[in-house]
Amino acid sequence: MKLIQWTFFIDMLGYREINGGINSEEKAEEFVKFMLGNKGLFEQTDSDYIRGIYKRDKNFDFYKFYDIKYAFVSDSLIITYYPKEVDENIDQVIYYNHSANALFIAVMRMQAFIYHCFKEKGIFLRGGISNKYCYIKDGFVVGEGLIEAYKAESSLAINPRILLDPSVMKNHRIARGIKFISEGMYGGKSVICRDNDGNHFVDYIGYSIACVDCSIPMINSFKNSNPTKYWLARASVQDFIDDHRKVVDEKIIELDKNIQSIKLVDGNAQQLEKIKEKYVWLKKYHNLKIKGTDFSYLSIK
């Protein structure tokens, strides 16, 4: 028996501009250090310590069911959560709940990567997620899961969001599994949310807030049992949202200035206008997710 495979294709928006501006060894070493930092983030989430935590989990030992493989290819990251063959019979409901739980774990592991990219380099991510087959070995990536995730990123995502291929949520059993995990662990505040166009994407701000939302029984229990760790976690969430606010705001201000400068010269600023639209989407997403929360004061004006 194998659970559902999850494959992510992630594009780092703004990478090409940064890479094109590298004209010295010093700048090259600085950027390589940044990319090595990204690699290190994934290694940390797959450490022996993390494996030990899952091994002691009575409900779901993630590493019993999955291997994790990834590859950095230029400005893209491909990750696949490759299901292991397990000699175990489980009923259909548990099968889809376990598979949905694995998707949530995969998404949660993206948080540090997302934060590192926008905080250190002002880079936001656009991506696609597939549940089709993918194989990664020695930097080579093949399979229909790669192609489907790439198409979701390049053709459907449009804005800086990591999008589930629409076929995933059309599978009602997977959708029910996602709903079950969301309601059972996060009080209905899923790490996957639906956008205005009907597509589902990774809600990284919503997830951050949910991690310290005391209206969720699991979080309230954590706060009561370990208040010091809770308030440290809350401070980290505040930093995450505040840094997101600053970077998005600065990008819009910078783009507005560049657009005005170009219009004064020849009036053709269409390309920059399209780029600005993506940051305006981020601004709307940011403000929507913090509205009515304890972090609403960190809105983008």
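Residues numbered from 1 in each chain as written. Predicted model: local features only at pLDDT ≥ 70, side-chain atom pairs only at ≥ 80, totals over all residues. Heavy atoms only, no water.

**Student:** Sorry, what's going on with the overall build of the protein here?
**Tutor:** A count of helical and extended segments in the protein gives 13 helices and nine strands. Relative to the globule expectation of 19 Å for 301 residues, the C-alpha radius of gyration of the protein, 20 Å, shows essentially globular dimensions. With 301 residues in all, the protein has 47% of them scored as buried. Put simply, 70% of the contacts in the protein that link residues at least 6 apart link residues at least 24 apart. About 16,000 Å² of surface is accessible on the protein, with carbon and sulfur atoms providing 51% of the total. Taken together, the 42 basic and 39 acidic charged side chains of the protein have centroids lying 4 Å from each other. (Helix = DSSP H or I, 4+ residues; strand = E, 2+ residues; numbered from the N terminus. Rg over C-alpha atoms; globule rule 2.2 N^0.38 Å. Buried < 20%, exposed > 50% of the residue type's maximum accessible area, 1.4 Å probe, protein only. Contact = heavy atoms within 4.5 Å. Areas by Shrake-Rupley, 256 points an atom, 1.4 Å probe, with all protein chains shown as cover. Lys, Arg positive; Asp, Glu negative; His and termini not counted. Charge placed at Lys NZ, Arg CZ, Asp CG, Glu CD.)

**Student:** I would appreciate a short explanation of the environment of E85 in the present structure.
**Tutor:** If you trace the backbone, E85 turns up in the loop between β3 (76-83) and α5 (92-108). Overall, the relative accessible area of 56% leaves E85 in the exposed class. Sequence separation between E85 and Y66 is 19 residues; the distance between their C-alpha atoms is 8.9 Å. Non-local contacts of E85, meaning those with residues more than four positions away in its chain, are made with M1 and K2. A distance of 2.2 Å separates a polar atom in the side chain of E85 from the backbone nitrogen of M1. (Polar contact = N/O pair within 3.5 Å; in protein donor to acceptor, adjacent residues only side chain to side chain.)

**Student:** How should unusual backbone geometry be read in this particular structure?
**Tutor:** Excluding glycine, most residues fall at negative phi; most peptide bonds, likewise, are trans. At D138, a position not held by glycine, the phi torsion is positive, near 50°. Mapping D138 onto the fold places it in the loop between β5 (135-137) and β6 (140-142). Non-glycine residue I158 carries a positive phi angle of around 60°. Along the chain, I158 turns up in the loop between α7 (144-157) and β7 (162-164). Owing to a relative accessible area of 48%, I158 belongs among the partly exposed residues under this scheme.

**Student:** So what exactly am I meant to see when it comes to the side chain of D243 here?
**Tutor:** Within the secondary structure, D243 sits in helix α12 (residues 227-265). Look at D243 and you get buried, because its relative accessible area is 14%. Among all residues touching D243, those that are not within four sequence positions of it are Y115, F118 and K119.

**Student:** What's the story with the state of the cysteines in this structure? I'm lost.
**Tutor:** Here is the idea: a disulfide is a covalent bond, and it sits between the sulfur atoms of two cysteines. With the rule as written, the count across this model stands at zero disulfides. This cysteine, C134, is not joined by any disulfide, and C117 carries the nearest cysteine sulfur, 20 Å off. Take C134: its relative accessible area is 0%, and that puts it in the buried class. Not part of a disulfide, C193 finds its nearest cysteine sulfur in C211, a span of 15 Å. (Disulfide = S-S within 2.5 Å.)

**Student:** I tried to follow α5 on my own but got confused; where do I start?
**Tutor:** Think of an α-helix as 3.6 residues a turn; residues three or four steps apart then line up on the same face. Along its 17 residues, α5 runs 24 Å from first to last C-alpha, staying within 8% of the 24 Å computed at 1.5 Å per residue. Most of α5 sits inside the fold, with twelve of its 17 residues counted as buried. Among the residues of α5, those classed as buried are Y96, N97, H98, S99, A100, N101, A102, L103, F104, I105, A106 and V107. Two to three positions downstream of the cap, the backbone nitrogen of V93 sits 3.1 Å from a side-chain oxygen, assigning the N-cap of α5 to D91. (Expected span 1.5 Å × (residues − 1).)

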